[in-house]
Amino acid sequence: MILLRQMVIFLFMMVLGYIIAKKGILNEEVSKSISWIIVNIANPALIISGSIGNSIRKSELLFILALAFGLYLLLILVAELIIPFFHFPKKSEGIYKILLVFTNMGFMGFPIMSAMYGSESLLYASVFMLPFNFLIYTYGIFRLIGGIEKPRVILKKCLNAGVIAVLVTFIIALWNIQLPYIITQSITMLSNLIAPLCMMVIGATFVNVSFREVFCDGKLLIFSVVRLLVIPFVFMFLLRKITDNVLLQNVAFIVIATPAGSMAAMLAQQYDADYRTASKGIALTTLLSVVTMPLMFVVLGLT
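Residues numbered from 1 in each chain as written. Predicted model: local features only at pLDDT ≥ 70, side-chain atom pairs only at ≥ 80, totals over all residues. Heavy atoms only, no water.

Caption draft 1: Region of the structure containing the side chain of asparagine 43. Looking at the secondary structure, you find asparagine 43 in helix H2 (residues 28-49). For asparagine 43, the contacting residues outside a window of four places in its chain are Ile38, Gly106, Phe110, Met129 and Ile194. (Helix = DSSP H or I, 4+ residues; strand = E, 2+ residues; numbered from the N terminus. Contact = heavy atoms within 4.5 Å.)

Caption draft 2: Inspection of the pattern of salt bridges at higher detail. Inspection of the entire model under this criterion finds 6 salt bridges. Residues arginine 143 and glutamate 80 are paired through a salt bridge, measuring 2.8 Å at the closest nitrogen-oxygen approach. Of this pair, arginine 143 sits in helix H7 (residues 139-145) while glutamate 80 sits in helix H3 (residues 58-82), and the two are 63 residues apart along the sequence. With relative accessibility at 27%, the residue arginine 143 sits in the partly exposed group. A salt bridge links arginine 276 to glutamate 213, with the shortest nitrogen-to-oxygen separation between them at 2.5 Å. Placement of the pair is arginine 276 in helix H16 (residues 275-300) and glutamate 213 in helix H12 (residues 211-215), with a sequence separation of 63 residues. With a relative accessible area of 30%, glutamate 213 lands in the partly exposed category. (Salt bridge = Lys/Arg side-chain N within 4 Å of Asp/Glu carboxyl O. Buried < 20%, exposed > 50% of the residue type's maximum accessible area, 1.4 Å probe, protein only.)

Caption draft 3: Molecular detail of the environment of threonine 103. With respect to the helices and strands, the residue threonine 103 is situated in the loop between helix H4 (90-101) and helix H5 (105-117). The exposure class of threonine 103 is buried, given its relative accessible area of 4%. Expressed as a C-alpha distance, the spacing of threonine 103 and threonine 285, which sit 182 residues apart in the sequence, is 9.9 Å. Polar contacts involving the side chain of threonine 103 include one to the main-chain carbonyl oxygen of valine 255, which spans 2.7 Å. (Polar contact = N/O pair within 3.5 Å; in protein donor to acceptor, adjacent residues only side chain to side chain.)

Caption draft 4: Inspection of the packing of helix H1 (residues 2-22) against H5 at higher detail. In contact at an axis separation of 11 Å, H1 and H5 are set at 135° when each is read in the N-to-C sense. Taken together, the axes of H1 and H5 lie oblique to each other. Of the two elements, H1 crosses H5, and the hand of that crossing is right-handed. Touching Ile2, Leu3, Gln6, Met7, Phe10 and Met14 of H1 are Met108, Pro111, Ile112, Ala115 and Met116, all from H5. (Axes fitted to C-alpha atoms, helices over the stretch in contact; angles between N-to-C directions. Parallel < 35°, antiparallel > 145°, perpendicular 65-115°, else oblique. Left-handed = near helix turned anticlockwise from the far one by under 90°.)

Right, here's the structure in full:
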């Protein structure tokens, strides 16, 4: 199975990153530098690569954008309804809600889509980044500190390299702009950096994680099952009632089935929230996703 092979490859790269970090080569400072390259160069290049040789109709773009916003609003509703039933400590509730809503679609989802479905899937996937960026800096911060930042600050944070790349992608795809060969090849080469770099950086983060503590946390395990299995299954059932576009179904599934996003830990660290819980949740869902994503592909009959 293609996805299983891809997840095993990613697991190998994560293990490699873990080993390098254990040896002190891929330390925190180096990881931050590589993360900057990923966020500001490799990931935007990967997003823009989705527009090379592909086009999209305005009506299709609006439909996917509405679907993306609907997905995140539904996830927020689910988070608000079910997280209180876990009876997590009050200081951790906001973190778990963020872990449930926001996935690692950029660092993990995009490389998987690129490997499995090619550049056209990235064109669809890039649409999901717009509501993601807006809501992570509004709802996400609200759940961490009980309030939101000033609109000007939110706008500045939302206008990052990833979102700019999404806008460039839309312009190229909507107007079918043909880029010079040198530019397209440069974008393609830069986009090829993201998979190995992302997986090694993710693997390096496990150095400071106590696996015994993570796997012995019963509530976190149940949360992870809900996050990685129950929610993707229910979402796909609903999505198949809305659209018969198989590629869009597969892309949306990967968006929803990838593990909890690393942005949860970054925001928790920035706002002095429960960073430890965020790291545990990201670590456990990332490790489990190596099994749960291929399993869900088989159960749902995805290709």
